[in-house]
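Observations on the three-dimensional arrangement
Residue-level listing of the chains:
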Amino acid sequence: MNYSRFITTVSAARKASPIRLLTELMQKSPPSLISLAGGAPNPNVFPFKRATVDIGHGMPIEIGEDLMKRALQYSASAGIPELLSWLKDFQRNLHDPPTANYSPEQGQMEVCVTTGSQEGLCKVFEMLINPGDNILLDAPTYSGTLAALRPLGCNIINIPSDQHGIIPKALKEILSAWSPEDVKNCSNHLPKFLYTIPNGCNPTGNSLTTERKKEIYQLARKYDFLIIEDDPYYFLQFEKPWAPTFLSMDVDGRVIRTDSFSKILSSGLRIGFLTGPKPLIDRVVLHIQVSTMHTSTFTQIMISQLLQQWGQKGFLEHIDRVVDFYRIQRDAMLTAADKWLKGLAEWYPPAAGMFLWIKIKGISDTQQLIMEKALKKEVLLVPGGAFNIDSSEPSSYVRASFSLPSPAQMDLAFKRLADLIKESL
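Attention in this report is confined to the structure presented alongside it. (Residues numbered from 1 in each chain as written. Predicted model: local features only at pLDDT ≥ 70, side-chain atom pairs only at ≥ 80, totals over all residues. Heavy atoms only, no water.)

Here the structure, examined in full by the defined rule, presents 16 aromatic pairs. Aromatic side chains W86 and F90 sit 5.1 Å apart centroid to centroid with 20° between the ring planes, which places their arrangement in the stacked category. In this pair, W86 and F90 both sit in helix α4 (residues 81-95), four residues apart, roughly one turn of the helix. In this pair, the class of W86 matches that of F90, namely buried. Taken together, a centroid distance of 5.8 Å and an interplanar angle of 10° make the contact between F125 and F193 stacked. Of this pair, F125 sits in helix α5 (residues 116-128) while F193 is found in strand β8 (residues 193-196), placing the two residues 68 residues apart along the sequence. The rings of W86, F90, Y234, F235, W242, F261, F273 and F315 are connected pair by pair, giving a single aromatic cluster. (Phe/Tyr/Trp six-rings, centres within 6.5 Å; stacked < 30°, edge-to-face > 60°. Helix = DSSP H or I, 4+ residues; strand = E, 2+ residues; numbered from the N terminus. Buried < 20%, exposed > 50% of the residue type's maximum accessible area, 1.4 Å probe, protein only.)

Given below as structure tokens:
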């Protein structure tokens, strides 16, 4: 893979921060080293001394004085060593990426910790996108992604999708605008990457099938574009076996994958991780060095201690408990929808995630219905237009989340929505 053709001039110009390199060097040095180099504050003056965190399905995490000093201090930009090591082993065991044993130049699998997967996504976009670049995605999609992309001045090409995700035939048709010569000559107009949320897409709940993923990956090879696999709902798949990932198919080193602990451990701790080819992940780390510097050492240590205690087996058992909860929530929302919205709306049962994507019959645009009238009925959903590339484009859809409300609240909310729809027709 020629990664240099994907990277922006800004990203290509990034150099390692000498101070950040010293920080990492110090942390690997023996205790006998006397360092006069670092600009780290003395942890003895920090007021936080120790902490105990009680754990559901586990022993309390004890952060004693020595570990607390480390938790409150600067750390490596890519992530603390023990968390990185755990995550790399986990990704290898879970996805078995072909790139795990490649050389760095070939696109060897690399991992870095980010402050939520959103930070990773934004830094990947800024690494890859020059104004005027073509990029591919299947909208409706996550509004945070669209908000990150719009200011970068790229040309967003929408790929049609259905309840099973991107339609490969439609993608192939769009890509046919570029000739084999364009690919051979690395034309500037070739799409840089395809972005997709393959499982439980926010907002649609769509999940890509294995066959479609294989077809899409072959098209990526043919037209030489990267795949950004944004997968925060991977661990919220309601049926097993879990779908194979693009990372597991990546023989070229062209997949950048984002994972998140937000939906399964904590959204407020802000821990995500990027997995992808080392030449690209290294560029992201250089950006982290001069922006956030690193994800909170304290939250990394807290999560690392938990994962070390649980092991991969215990972590996956926790995932099973989380999925059981969300499956019950999803089924309760589907029951409420069947009870109140039949004949008024259409929807597909989501195979993963937290959302039900509802098409309201006879309403061409839900913006006014939700933002003005629904509030008066004391029910709130997200109008579908928020997830369109052009947010002013009318949408007959609404997004309902089943993560927080009780079954009784879902029932009442859909009764109120049904009354509202009837009044508006």
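Let's pick the thread back up.
Take helix α12 (residues 367-376) next. Regarding α12, the residues found buried are L369, I370 and A374. Looking straight down α12, one finds that the buried residues subtend no more than 85° of arc, so they occupy a single side. Buried-residue contacts for α12 involve β13 (355-360), β14 (382-383), β15 (397-401) and α13 (407-424). Within two residues after α12, E378 carries a phi angle of roughly 60°, on the positive side. (Arc of directions from axis to C-beta. Contact = heavy atoms within 4.5 Å.)

Don't take any of this as a statement about function, it's just geometry.
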